Amino acid sequence: MELELFIIGYGLSGGFGGIRDYEVIRTIDLEDANKWAYDQACDIYESYSGMHGLSSMSEIMEENDCDEEEAQEIYNDERDSWIESLAVPYSKEEENRVSGNHWSNPYSEITDKL
């Protein structure tokens, strides 16, 4: 199976500014690219967990007087309400639209020839 190029974007909504990070990836299909973007957005959320109004697991357990399993469900719901992600097939037009943001293209040797 040949890998395809995609542009993914990810970030946090609200005062965090939405999708601000974009990168070019190579993967098998759009579904996998969307999963990659979602995972990156989750990583950003987790890096802010417990700060700037984003609850940590321990805060959720304390505030809701619940066990770890219930806290994980609440955490996941809160995280998913904050994160934003997208994936689109690579195109020069899309690169031009998003490259003014935080941008990474480790495949520029390929994309520069398109």
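Nothing here was measured: the structure is a model prediction, and the numbers come from that model.

> What am I meant to see in the overall build of the protein chain here?
When its secondary structure is counted, the protein chain shows five helices and four strands. Starting at the N terminus and ending at the C terminus, the protein chain contains elements arranged as β-β-α-α-α-β-α-β-α. Taken over the C-alpha trace, the protein chain has a radius of gyration of 17 Å; the compact-globule value for 114 residues is 13 Å, which it surpasses by more than 25%. With the principal axes as the frame, the protein chain shows a C-alpha extent of 55 × 30 × 15 Å. By residue count, 34% of the 114 residues in the protein chain fall in the buried class. The long-range fraction of contacts in the protein chain, counting pairs at least 24 apart against all pairs at least 6 apart in sequence, stands at 61%. Element-wise, carbon and sulfur atoms account for 45% of the exposed surface of the protein chain, whose accessible area totals about 6900 Å². Taking the average location of the 7 positive side-chain charges in the protein chain and that of its 28 negative ones, the two points are 14 Å from each other.

> Sorry, what's going on with the packing of aromatic side chains here?
Here the distance between the centres and the angle between the planes together describe a pair of aromatic rings. Under the criterion given, the structure shown has three aromatic pairs. Ring centres of tyrosine 45 and tyrosine 75 lie 5.6 Å apart, and the angle between their planes is 75 degrees; this geometry places the pair in the edge-to-face category. Taken together, the residues span a long stretch of sequence, with tyrosine 45 in helix 1 (residues 30-48) and tyrosine 75 in helix 3 (residues 68-82) at a distance of 30 residues. In this structure tyrosine 75 comes out as buried when scored by relative accessible area, which is 6%. Among the aromatic residues, ring-to-ring pairing joins Phe16, Tyr48 and Trp82 into one connected group.

> What is the right way to look at the pairing of strand 1 (residues 4-12) in this model?
One face of the sheet, then the other: side chains in a regular strand alternate in exactly this way. Counting buried positions over the nine residues of strand 1 gives eight, a clear majority of the element. A loop of five residues connects strand 1 with strand 2 (residues 18-27), the two strands running antiparallel in sequence, and glycine 14 in this loop sits at a positive phi of about 70 degrees.

> Explanation requested: the pattern of salt bridges in the structure shown.
Here the idea is simple: oppositely charged side chains can pair when their charged atoms come close. Enumeration over the complete set of coordinates arrives at six salt bridges. One salt bridge connects lysine 35 with aspartate 39, and the closest N-O pair in it is separated by 2.8 Å. Of the two residues, lysine 35 and aspartate 39 are both situated in helix 1; the distance of four residues between them amounts to about one turn of the helix. Among the residues examined, lysine 35 registers a relative accessible area of 47% and is labelled partly exposed. By relative accessible area, which is 31% here, aspartate 39 ends up partly exposed.

> Any chance you could explain the packing of helix 1 against helix 3 here in plain terms?
For any two helices packed against each other, the geometry is given by the interaxial angle and the distance between the axes. Taken N-terminus to C-terminus, the directions of helix 1 and helix 3 make an angle of 110 degrees; their axes are 10 Å apart at the nearest point. Relative to helix 3, helix 1 is oriented roughly perpendicular. Across the interface between the two elements, Tyr38, Cys42, Tyr45 and Glu46 from helix 1 touch Tyr75, Glu78, Arg79, Asp80 and Trp82 from helix 3. When grouped by side-chain class, the residues that make up the contact of helix 1 with helix 3 number five nonpolar, no polar and four charged.

What counts, and where the lines are drawn
Residues numbered from 1 in each chain as written. Predicted model: local features only at pLDDT ≥ 70, side-chain atom pairs only at ≥ 80, totals over all residues. Heavy atoms only, no water. Helix = DSSP H or I, 4+ residues; strand = E, 2+ residues; numbered from the N terminus. Rg over C-alpha atoms; globule rule 2.2 N^0.38 Å. Buried < 20%, exposed > 50% of the residue type's maximum accessible area, 1.4 Å probe, protein only. Contact = heavy atoms within 4.5 Å. Areas by Shrake-Rupley, 256 points an atom, 1.4 Å probe, with all protein chains shown as cover. Lys, Arg positive; Asp, Glu negative; His and termini not counted. Charge placed at Lys NZ, Arg CZ, Asp CG, Glu CD. Phe/Tyr/Trp six-rings, centres within 6.5 Å; stacked < 30°, edge-to-face > 60°. Pairing = 2+ DSSP bridges. Salt bridge = Lys/Arg side-chain N within 4 Å of Asp/Glu carboxyl O. Axes fitted to C-alpha atoms, helices over the stretch in contact; angles between N-to-C directions. Parallel < 35°, antiparallel > 145°, perpendicular 65-115°, else oblique. Nonpolar A, V, L, I, M, F, W, Y, C, P; charged D, E, K, R; others polar.

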